[in-house]
Structure formats: C-alpha cells, structure tokens
Amino acid sequence: MSSRIARQIQMVSRPAGMPGHEHFRIVEVELPAPGAGQVLVENRYMSVDPYMRGRMRAEGVYAAPYPLNAPLYGGAVGEVLESGDENLQPGDIVLNHGAWQDRLLTEASRVQRLEPFDPERISLYLGALGMPGMTAYVGLNRFGEPKEGETVFVSAASGAVGANVCQIAKMKGCRVVGSVGSDAKAEYLKEECGVDGAINYRTCGDLTEALRAAAPDGVDVYFENVGGEHLQAALNAMNPFGRIVACGMISTYNNAEPQPGPNNLMLIVGKKIRINGFIVFDHNDMREAFHKDMSAWIESGRIRTRETVVEGPENAVDAFLALFSGENFGKMVVKL
C-alpha cells in the first residue's frame, strides 16, 4: 500500500443515543505530497476519549461539532514520513490532532515535535503526559485545591483522568476514595494507585452509604467525572466549604433525552460548596509545569500508568464504545 493512502474513520450520521457502527464508516483516500510548510504523518497511536461523544451532537459539547462525512479528530501521535518544512524531518515523532486516520497531511504548525523520554512508550503522550493527565493536574490543583489531611473522592477513578487524580492527591497527603465499576478495578486502585478506599458502584448498594463508610470524616474535594447518582452521593457526603471539580459527566453523554438530576442540590447552599466546571485547553499557562512534574513522576515511578490498547483503525469504533461500558483499564488508545 502506498505511504500516501490513508484509512479514515468518518461519521456519516449523528447518534441520538448510544452510538453504533451504523453511524461510522472506514474509507481509503490518497493524499497528495506535502507542499511547503506541510508534513505527511503516519500515526502510530490515536486516542479515544469520552468528550468525543459530545462533539458528535449537532450542537456540539465542549467544542465545535464534528462534521459529517469527514474524519473525526482528536489526539494522535505518529512519525513524519515526508516534510515540506525545514523544522521537521522524516522520522520525527509528533503529537497532532489528526486521530481517526492512520495517515494525514497537515500544516507543520499544527503538530508538536516530541522528544520522548522512552521511544517505546510514545502513547503516554495521549494519556498521562497528554490531555487526560493535564486535565487531572489542572482540575485538582487549580480548582480542587486539596490540602494535606483532606479527603478527595474521585469518580471513574481507574480511567485516564481519574487514576492520575488519585495519585496526585495521594502525593499531596490526602485520603483518597475512588469509585469504579468492577472489583478488579477497585483492586487496581488500591494496589497500584495507593487509594485508601475503593467503591464498586455496581455492587455497593446505596452509593451514599458506601461513600460515607469509605470517607467517615466526610469529603472535602470531589473530582466529578460521572454525574447522576455519583454527584448526589458526593453532595450528601461533602463537608462544609467542599469543592467540586466538574470535569465531565459520562453517565449522561448518551442520553437521548435529559434525565432527572440530583434532588439534593440545596446542599450546595447549606454546605457552602463551590463547584467549578473547566475545560483543560483554557489553562495552557499550566502546561510547562504539568510536563515537568508529570514526566518526573512517571520516570521515578511515583505515577503509575495503565493503558488498554486496541489494535487497528477498523476497531477504533469498538474502542470508543467500550469507554461507555467501562471495559477499559486506564487510558484507551488505538494502535494504528
């Protein structure tokens, strides 16, 4: 196959509820040679992330909606094959936003050249060293403001964002409780991420009672990734002047119609709780500090990472859908 033939996953219709294969197609296109200031990139790994579901809606969530009959996009890391830019050479490893395709032609200004500390682990730049890791770093530090001795509760705690939140909070001297969807993930949180308490929300019964048992001194910071019942339980268990870091609400992403929300929102007033929503790309002033800290933590073993790797662009849709059934451990990536 020519090095300029690209396989692209395109969205052909907008899902109203849970997406299915009928909403996507794989096509092959031949790309031209790069012109001045352009590069041809062969992607090695692409990211699938829950936020992408919001961009499949006509109105868009987080950012502009994906267009129909065009490749979806998101984080990817790959190798320059051909270059029309003097600052990039064939063989350079670059971070780009051209996911959902194994090759792409793009402006050189739209890629970031990397010098990986471990060439065998470049997929980390889509996870702990990429957007999910920075989301954890920014959200917890800037909006959670955890203090030594406080209790931090994290939902979706074994995921790409949540696992990093748990470990950073532990380094800050906090008691950490995580919620996950299986006993295996709960064991992972305790054994590898060092959390103090892990709740399997599928089997725990009343989530509020399970959280109060795991956090007997109450919750000071809640890192919100799920919404719904988790937000209700967190509000019930939170201490006065608690902080909620609203990162995402994955339990609602595939709802065709709005679902009833928590019925205890008045606790926000009585407990004087602060809630901050945030989008990580608004906080690039923290990027340099994030890369410095996270690289050192990973190299020293203070942050442990885990990935679920799915092979082949033909399986990218399955990898994306698995995010909503909780089949992934840590960061989900597709090896292209």
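Residue numbers here run from 1 along each chain, matching the order of that chain's written sequence. Only residues with pLDDT of at least 70 get local features here, since the model is predicted, and only at 80 or more are side-chain atom pairs given and counted; chain-wide, interface and lining totals rely on the full set of residues. The side-chain numbers reported here are obtained from all heavy atoms of the structure, hydrogens and water having been left aside.

Peer 1: Is there a simple way to think about the side chain of N43 in this case?
Peer 2: Following the sequence through the fold, N43 ends up in strand 3 (residues 38–47). Think of a polar contact as two N or O atoms within 3.5 Å of one another; within protein, one of them needs to be a possible hydrogen donor and the other a possible acceptor, and neighboring residues in sequence only count if both atoms come from side chains. Only 2.9 Å separates the side chain of N43 from the side chain of N96, close enough to count as a polar contact. Of note is the side chain of N43, whose polar atom sits 3.0 Å from the backbone oxygen of G98. Residue contacts are defined here by distance: any two heavy atoms, one from each residue, within 4.5 Å place the two residues in contact. Each residue touching N43, except ones within four places of it in the same chain, is listed here: A76, V77, G78, N96, G98, Q101, D102, L104 and L336. Secondary structure elements are defined from DSSP: runs of H or I of at least 4 residues count as helices, runs of E of at least 2 residues count as strands, and each element is numbered from the N terminus.

Peer 1: Please clarify how the packing of helix 2 (residues 131–144) against helix 3 (residues 162–171) should be interpreted in this entry.
Peer 2: How two helices pack is summed up by the angle between their axes together with the distance between the axes. The angle between two axes is taken between their N-to-C directions and runs from 0 to 180 degrees, where each axis is a line fitted to C-alpha atoms and a helix contributes only its stretch in contact. Running from amino to carboxyl end, helix 2 crosses helix 3 at an angle of 45°, the nearest separation of the two axes being 8 Å. It follows that helix 2 is oblique to helix 3 by the angle criterion. Both helix 2 and helix 3 take part in a crossing whose hand is right-handed. Where helix 2 approaches helix 3, its residues G133, A136, Y137 and L140 are matched on the opposing element by N164, V165, I168 and A169. For classification purposes, angles smaller than 35 degrees are called roughly parallel, those larger than 145 roughly antiparallel, those between 65 and 115 roughly perpendicular, and all remaining angles oblique. Crossings are sorted by hand: turned counterclockwise from the far helix by less than a right angle, the near helix makes the crossing left-handed, and turned clockwise it makes it right-handed.

Peer 1: What is the right way to look at unusual backbone geometry in this model?
Peer 2: It is generally the case that most residues other than glycine have a negative phi and that most peptide bonds are trans. Phi at E145 takes a positive value of approximately 45°, unusual for a residue other than glycine. Turning to its location among the elements, E145 is positioned in the loop between helix 2 and strand 8 (151–154). At A156, a residue that is not glycine, the phi angle is positive and equals roughly 50°. Summarising the element assignment, A156 is placed in the loop between strand 8 and helix 3.

Peer 1: What's the story with the pattern of salt bridges in this structure? I'm lost.
Peer 2: Side chains that differ in sign of charge can pair as their charged atoms come close. A side-chain nitrogen of Lys or Arg and a carboxyl oxygen of Asp or Glu constitute a salt bridge if their distance falls within 4 Å. This structure, assessed with the given rule, holds 15 salt bridges. One salt bridge connects R212 with E209, and the closest N-O pair in it is separated by 3.5 Å. You can see R212 and its partner E209 sitting in helix 5 (residues 207–214), three residues apart, about one turn around the helix. Residue class for R212 comes out partly exposed when judged on its relative accessible area of 38%. A simple rule labels every residue: compare its accessible area, found with a 1.4 Å probe on the protein chains alone, to the largest value its type can have, and call it buried under 20%, exposed over 50%, or partly exposed in between. Residue E209 is classed as partly exposed on the basis of its relative accessible area of 46%.

Peer 1: Would you mind showing me how to read the sheet that holds strand 13 (residues 274–277) here?
Peer 2: With parallel pairing, the six strands of this open sheet are ordered in space as 10-9-8-11-12-13. The sheet is open, and its two borders are formed by strand 10 (197–200) and strand 13, each paired with just one other strand. Strand after strand, the sheet turns through a mean of 15° between neighbouring axes, direction not considered. Bridge analysis of strand 11 (residues 219–224) against strand 12 (residues 238–246) gives five bridges, and the strand direction is parallel. Pairing of V221 across the sheet is with R243, part of strand 12. Along the sheet, helix 2 contacts strand 8, strand 11, strand 12 and strand 13; its crossing angle with strand 11, the most-contacted strand, is approximately 145°. Each of strand 8, strand 9 (175–180), strand 10 and strand 11 is contacted by helix 5, which is oriented at about 165° to strand 10, the strand it contacts most. The rule for pairing is simple: two strands pair if DSSP sees at least two bridges between them.

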